[in-house]
Amino acid sequence: MDQLSALKEIAAQASRGELSFPTNVDATLKLQRALNEPDCHIEMAARLVQAEPLLAARTVAIANSVAYNRAGHDVTNVRAAVQRVGFRTLGALAASVIVRQLASGLKDPDLRARADALWIHSAHVAALCQVIARRVSFVDPETAMFAGIVHEVGGFYLLSRAEEFPGLVDGDADEWIEHGEVAIGRGVLSKLGVPVPVMGAIEALWNGMRALPPETLGDTLLLANDLAPFPSPLHQRPGATTMHSAATIDFIAGEGTLAQVLAESAEEVKSLTAALI
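Residues numbered from 1 in each chain as written. Predicted model: local features only at pLDDT ≥ 70, side-chain atom pairs only at ≥ 80, totals over all residues. Heavy atoms only, no water.

### Quick word on the overall build of the chain
On a plain count of helices and strands, the chain comes out with 14 helices and two strands. A globule of 277 residues ought to have a C-alpha radius of gyration of about 19 Å, and the chain, at 18 Å, matches this closely. Dimensions of the chain along its principal axes, counting C-alpha atoms only, are 55 × 45 × 35 Å. By the burial criterion, 52% of the 277 residues in the chain qualify as buried. Intrachain contacts of the chain at a sequence separation of at least 6 include 72% that bridge at least 24 residues. Of the roughly 12200 Å² that the chain leaves accessible, carbon and sulfur atoms contribute 54%. (Helix = DSSP H or I, 4+ residues; strand = E, 2+ residues; numbered from the N terminus. Rg over C-alpha atoms; globule rule 2.2 N^0.38 Å. Buried < 20%, exposed > 50% of the residue type's maximum accessible area, 1.4 Å probe, protein only. Contact = heavy atoms within 4.5 Å. Areas by Shrake-Rupley, 256 points an atom, 1.4 Å probe, with all protein chains shown as cover.)

What follows is the structure, given as structure tokens:
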């Protein structure tokens, strides 16, 4: 089967909700749904998180990051970490575990390397989203971080199926963009229960439309994607902002400029990114 036929087949399956997820993803999806239940309290959330070691470690790491630990008092247990970061950040962290798990079964070293590189890109975008939202666009920072975490989930799903379809991720970028990215991305985002505002932001990323200075969640995601120091290892849209041109993006932001905000927030971005990776 050629790349185009494989993309169309996977996209059709995704559109019908026929997604093939690893077993560990299904388990984490159940955990995520339990965390979203209205009667889920701190004690219950802590117990649920402790049952998933990767999520537990990531929650404590985020709680001790510069962005969430401004007083410099580290927490050493899951309950205290859950209390500090809150349920919305916890939902984003659960999504980060799901995204990583999608490609966790890959055996091909090249595909595993691409999945690792895609997650490094996603973690940087998520950290930049959180800072840009809080300091520049003034949209909800936790929602922005969540959008950054899941914005490449279609790419992770594509990688997870690549061993079944040799050459799937090596073909023409135009074919991935036209026949795969949107249909597969929408299907996986829907399966993960991603909220409508975040879906809209990712649609804006696919469409490549934004305002500067950023005003919306979509603008925030596009700017963070452009500024991320590690680009996606998958197909780039024709005409996408290059790393060189992204380095020149600047504008007035409050009483300073974007460059000043990013310089002042560099430690936060570094700390958040490290916690997510």
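There's more to say after this.
### A look at the pattern of salt bridges
Counted under the stated rule, the structure contains eleven salt bridges. Between arginine 88 and aspartate 140 there is a salt bridge; the shortest N-O distance is 2.4 Å. A residue pair is termed long-range when its members are at least 10 positions apart, and arginine 88 in helix H5 (residues 78-102) and aspartate 140 in the loop between helix H6 (109-137) and helix H7 (141-150) qualify at 52 residues. Judged by its relative accessible area of 30%, aspartate 140 is partly exposed. Its salt-bridge partner being glutamate 164, residue arginine 161 comes within 2.7 Å of it at the nearest N-O pair. The class of glutamate 164 is partly exposed, set by a relative accessible area of 47%. Through salt bridges that share partners, Arg70, Arg134 and Glu268 make up one connected network. (Salt bridge = Lys/Arg side-chain N within 4 Å of Asp/Glu carboxyl O.)

### With respect to the nonpolar core
Grouped together as the largest cluster of nonpolar side chains are 99 residues, with contacts concentrated most on Phe21, Ile149, Val150, Ile184 and Val188. The element that contributes the greatest number of residues to this core is H6, accounting for 14 residues. Setting aside its immediate chain neighbours within four residues, valine 188 contacts Leu19, Phe21, Leu102, Val153 and Tyr157. (Core = buried A, V, L, I, M, F, W, Y, C linked by side-chain atoms within 4.5 Å.)

### Digging into the environment of arginine 88
When the C-alpha atoms of arginine 88 and serine 265 are compared, they prove to be 22 Å apart, with 177 residues separating the residues in sequence. With near-sequence residues (within four places) excluded, arginine 88 lies in contact with Asp140, Glu142 and Thr143. A polar contact of 2.4 Å, which involves the side chain of arginine 88, links it to the side chain of aspartate 140. (Polar contact = N/O pair within 3.5 Å; in protein donor to acceptor, adjacent residues only side chain to side chain.)

### Topic: the packing of aromatic side chains
Enumeration over the complete set of coordinates arrives at two aromatic pairs. Seen in terms of ring centroids, phenylalanine 21 and tyrosine 157 are 5.9 Å apart; in terms of plane orientation they differ by 75°. Their pairing is edge-to-face. Remark: tyrosine 157 occurs in helix H8 (residues 153-161) and phenylalanine 21 occurs in the loop between helix H1 (3-15) and helix H2 (23-35); sequence separation between them is 136 residues. Residue phenylalanine 21 is classed as buried on the basis of its relative accessible area of 12%. Exposure remark for tyrosine 157: the relative accessible area of 1% places this residue in the buried category. (Phe/Tyr/Trp six-rings, centres within 6.5 Å; stacked < 30°, edge-to-face > 60°.)

### Side note on H7
Burial runs high along H7: ten of the ten residues are buried. When we look at burial in H7, the residues that qualify are Pro141, Glu142, Thr143, Ala144, Met145, Phe146, Ala147, Gly148, Ile149 and Val150.

### Overview of unusual backbone geometry
With omega at -5°, the peptide bond leading from leucine 212 into proline 213 counts as cis. If you trace the backbone, proline 213 turns up in the loop between helix H10 (196-207) and helix H11 (217-227). Backbone geometry places phenylalanine 138, a non-glycine residue, at a positive phi of 60°. Its place among the elements puts phenylalanine 138 in the loop between H6 and H7. A relative accessible area of 62% places phenylalanine 138 in the exposed class.

### Structural notes on the side chain of threonine 220
With respect to the secondary-structure elements, threonine 220 resides in helix H11. In this structure the side chain of threonine 220 is engaged in a polar contact, spanning 2.7 Å, whose partner is the side chain of serine 137. Setting aside residues no more than four positions away along its own chain, threonine 220 makes contact with Cys129, Ile132, Ala133, Ser137, Val139, Ala144 and Pro214.

### Some thoughts on a nonpolar patch on the surface
A surface patch of nonpolar side chains, amounting to about 250 Å² of accessible area, comprises Ile120, Phe230 and Ile277. Examined against the element boundaries, phenylalanine 230 turns out to sit in the loop between H11 and helix H12 (243-246). Here phenylalanine 230 falls in the partly exposed class, since its relative accessible area comes to 45%. (Patch = residues over 30% accessible without salt bridge, like charges linked within 9 Å, V, L, I, M, F, W, Y side chains within 5 Å.)

Fair warning: the whole summary comes from geometry, so function is off the table for now.
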